[in-house]
Amino acid sequence: MEQNHLPVEAIPASASLGVPKNRSFPPSIPPQPLTAKKEDGLLALLAFPCGYLYIRFVLGFTGGVGITLFTLVYCIVVLTWFRAGGHPIPAKSWPWLGLTLLTSLHFSLLSSGFVTFLTFFFLTGCAVWWVAVLGGVETGFAWDGLAERLFQLPFRNFGCQWQVLRQSSKKNSQNRSLLLALITALLMIPLLLYVAEQLAAADDTFRLLMEKLALLDASWFVWLMIRLVLTLPVSAYLFGLWYGSFHHRGLLTLTAEEKAAREARRRFIPAAVAVTSLGMLTALYLVFFGAQAAGLVSAIVHGQPQAGSWSDYARQGFFELCQVSTLNLAALLAARQLTRDQNSGVIRFLCRVLPVQTLLLIATALCKMVLYIRAYGLTQLRIYTSWFMILLAVVFLLELLSLSGNFPWQRWLAGFFCGWFLLLSFCNVDGIIARYNVELYLSGDGDSLTLTPLLNTPAAASSLLDARDRLSPDDSRREVVEDALLRLRYHLEVGLGPSSPPHWYGQNLQSLMALHLLQEKGPPL
């Protein structure tokens, strides 16, 4: 039965069922052909060992030298492919490569708990953006561009690894032979395990050798299979990131009209809503600052704040001010990015007043924290929140500067954030806390609770040993320090000692040095 087909050009866009005439859709990524050059096949093969190293060294997130080793292999693989294709390395990619390698050294050198956890995400962002710059990113650093390459681009090219392997194996017999050899080696492992068990039963010397190498325990084979299965999606993700960045496959490119239409769709908040909310916030802060000024004047006149001691005054409201400052940032970004009438004079005025007020709130919070630290010592939380408040102050300052003209605030914020985070990552936060709290305890201004944050901190070993040597044997505080040393050594012995040795890739220099120091000079267990 014949059917009449209209040419596609003859069908108007408004004729689609249920689609309004003037409705605009977000731009979609057109289908792009997949090309498999010789170097692409090499990159697809090298993605497998990279994925396995990620599962082996990084996925459990024990920190240590394993993450540094994976980062080094990651960079070598990418540079090998880049040079194999005859591509010149962009000069602007070298700083990002240096930043990536420098950040990875943190895991080999220090053990800083929460800072190490944050450094992992920072390292991930640096490694992804380095690949973007190496592949020829069109603009400077942009937070939305990083998010696209981290969460969208690898999955848009998720199946490219096997397609490239299939095409390159047809063109290159060496790649096909290497792939077949790899698959055969994996399939031979169960057979080799069975043969090894039979040979071990036939010869005691061979059995002792296999037991020493732990190859007769079938659990290692089970874990190997689990890691190999997990390697497949990780290697596909890595290759999708690399291939998409280098060939610009799956990247969303917008014209000027599409960018304008996207920005217009994003701005959905009416100007009246923005003016009312910002106006009420700024009015409330004016009342707060008036009350703060009256309280400070009263404290200066009477020599003591109304809340009681200066330590109580410092403890009151710091974290609440942090939350309010963060809320102000969200309100300001909504007013700047989501409001329809961006050129309204009232909105622009309120967007200048709110950052100034927030900077005053941050200054008040930091003054409280300084007084609080003097009274109660340092903890990780107090350092992290202070670091974050200073970062937040810089964000509001850059936001103010961006209102005065065409100021590249994203580039300046990215530069400051990288330097500020590296300072936090390599300043040995735990060592600073240990030295400060030990001195506070020895001066008599702190009690035994000031040593509590040091009990699980390898960086505290030298400070506690120094404090023990400075105290006389009949001083009661020496017993407290001895107990802290004993607990710290027990913590390190359980994690690093021969009774429960970690894998070599989970160790770092600071923990090993602290354990050696405690074993040599610390109290016996």
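If you're wondering where the values come from, they're calculated on a predicted model, not measured in any experiment. Residue numbers run consecutively from 1 along every chain, following the written order of its sequence. Only residues with pLDDT of at least 70 are given local features in this predicted model, and only at 80 or more are side-chain atom pairs given and counted; all residues enter the totals for whole chains, interfaces and linings. Hydrogen atoms and water are omitted, and side-chain values are computed over all heavy atoms in the structure.

A.B. asks: I'd like a rundown of the nonpolar core, residues and numbers included.
C.D. replies: With 112 residues, the main nonpolar core has Tyr74, Trp130, Trp242, Phe246 and Leu464 as its most contacted residues. A run of DSSP states H or I qualifies as a helix once it reaches four residues; a run of E qualifies as a strand once it reaches two. Both are numbered from the N-terminal end. Sorting elements by how many residues they give to this core places helix H4 (residues 114–134) first, with 13 residues. Leave out the neighbours within four places in its chain, and tyrosine 74 touches Cys50, Ala127, Val128, Trp130, Val131, Leu238, Leu241 and Trp242. Here the nonpolar core consists of buried residues drawn from Ala, Val, Leu, Ile, Met, Phe, Trp, Tyr and Cys, with membership extended through side-chain atoms lying within 4.5 Å. The rule is simple: take the accessible area with a 1.4 Å probe, protein chains only, and divide by the maximum for that residue type; under 20% is buried, over 50% is exposed, in between is partly exposed. For this analysis, residues touch if any pair of their heavy atoms sits within 4.5 Å.

A.B. asks: Before we move on, can you summarise the layout of surface pockets with the specific residues and values?
C.D. replies: With a 1 Å grid spanning the protein atoms alone, the term cavity applies to any set of points in which a 1.4 Å probe fits but cannot get out, the term pocket to an open set with protein on both sides within 12 Å along at least five of seven lines, and the term lining residue to any residue with an atom within 4 Å of a point. Grid points are joined across faces, edges and corners, and a volume is the space filled by probe spheres set on the points. Of the volumes computed, that of the second largest pocket is approximately 830 Å³. Every residue lining the second largest pocket is counted, 34 residues in all, and those nearest its centre are Phe121, Leu123, Thr124, Gly125 and Leu150. Secondary structure elements with two or more residues in the lining of the second largest pocket: helix H1 (38–58), helix H2 (65–84), H4, helix H5 (143–151), helix H10 (218–247) and helix H17 (409–426). Of the residues that constitute the lining of the second largest pocket, the class distribution is 31 nonpolar, three polar and no charged. Amino acid classes used here: Ala, Val, Leu, Ile, Met, Phe, Trp, Tyr, Cys and Pro are nonpolar; Asp, Glu, Lys and Arg are charged; the rest, including Gly, are polar.

A.B. asks: Let's hear about the pattern of salt bridges: which residues, and what values?
C.D. replies: The salt bridge criterion pairs a side-chain nitrogen of Lys or Arg with a carboxyl oxygen of Asp or Glu, the two atoms within 4 Å. Inspection of every chain in the model, using the stated rule, returns eight salt bridges. Here arginine 468 ties to aspartate 469 by a salt bridge, and the two come within 3.6 Å at their closest N and O atoms. The exposure class assigned to aspartate 469 is exposed, which follows from its relative accessible area of 54%. Notably, a salt bridge pairs glutamate 482 with arginine 468, separated by 3.9 Å at the nearest N-O pair. Placement of glutamate 482 in helix H20 (residues 476–496) and of arginine 468 in helix H19 (residues 461–470) is noted, with a sequence separation of 14 residues between them.

A.B. asks: Describe a nonpolar patch on the surface, and please don't skip the residues or the numbers.
C.D. replies: Patches were defined on residues exceeding 30% relative accessible area and lacking a salt bridge, with like-charge contacts within 9 Å and nonpolar side-chain contacts (Val, Leu, Ile, Met, Phe, Trp, Tyr) within 5 Å. Methods summary: accessible areas were calculated by the Shrake-Rupley approach with a probe of 1.4 Å, and residue burial reflects only the protein chains presented. Together, Met188, Leu191, Leu192, Tyr194, Val195 and Leu199 make up a nonpolar patch on the protein surface, roughly 540 Å² of accessible area in all. Its location among the elements puts leucine 199 in helix H8 (residues 173–202). Judged by relative accessible area, which is 44%, leucine 199 ranks as partly exposed.

A.B. asks: Go over the packing of aromatic side chains with me, naming the residues and quoting the values.
C.D. replies: To pair, rings of Phe, Tyr and Trp, with the six-membered ring standing in for Trp, must have centres within 6.5 Å; the planes then decide the type, stacked if under 30 degrees apart, edge-to-face if over 60, and tilted in the middle. For the structure shown, the criterion picks out 23 aromatic pairs. On the basis of an interplanar angle of 80° and a centroid distance of 5.0 Å, the ring pair of phenylalanine 117 and phenylalanine 121 is categorised as edge-to-face. Of this pair, phenylalanine 117 and phenylalanine 121 are both found in helix H4, four residues apart, which corresponds to roughly one turn of the helix. Looking at phenylalanine 117, the relative accessible area reads 38%, which means it is partly exposed.

A.B. asks: Tell me what's going on with H4, and back it up with residues and numbers.
C.D. replies: Every α-helical turn comprises 3.6 residues, leaving residues that sit three or four positions apart pointing alike. To estimate the expected span of a helix, subtract one from its residue number and multiply by 1.5 Å. Taking 1.5 Å of rise per residue, the 21 residues of H4 would be expected to cover 30 Å, and the 31 Å separating its terminal C-alpha atoms lies within 8% of that figure. Buried residues dominate H4, accounting for 16 of its 21 residues. A positive phi of about 95° marks glycine 136, the residue just after H4.

A.B. asks: Can you tell me about the side chain of serine 93, naming the residues and giving the values?
C.D. replies: Turning to its location among the elements, serine 93 is positioned in the loop between H2 and helix H3 (94–109). Polar contacts here mean pairs of N or O atoms no more than 3.5 Å apart (in protein, one a potential hydrogen donor and the other a potential acceptor; neighbouring residues in sequence count only if both atoms are side-chain atoms). Polar contacts involving the side chain of serine 93 include one to the main-chain carbonyl oxygen of proline 90, which spans 2.7 Å. Among residues more than four places away in sequence, those in contact with serine 93 are Trp130, Val133 and Leu134.

A.B. asks: Residues and numbers for the environment of leucine 366, please.
C.D. replies: You can see leucine 366 is positioned in helix H15 (residues 345–376). For leucine 366, a relative accessible area of 24% gives the class partly exposed. On a C-alpha basis, the gap between leucine 366 and threonine 385 in space is 9.3 Å, while along the polypeptide they are 19 residues apart. Among residues more than four places away in sequence, those in contact with leucine 366 are Phe318, Ser386, Met389 and Ile390.

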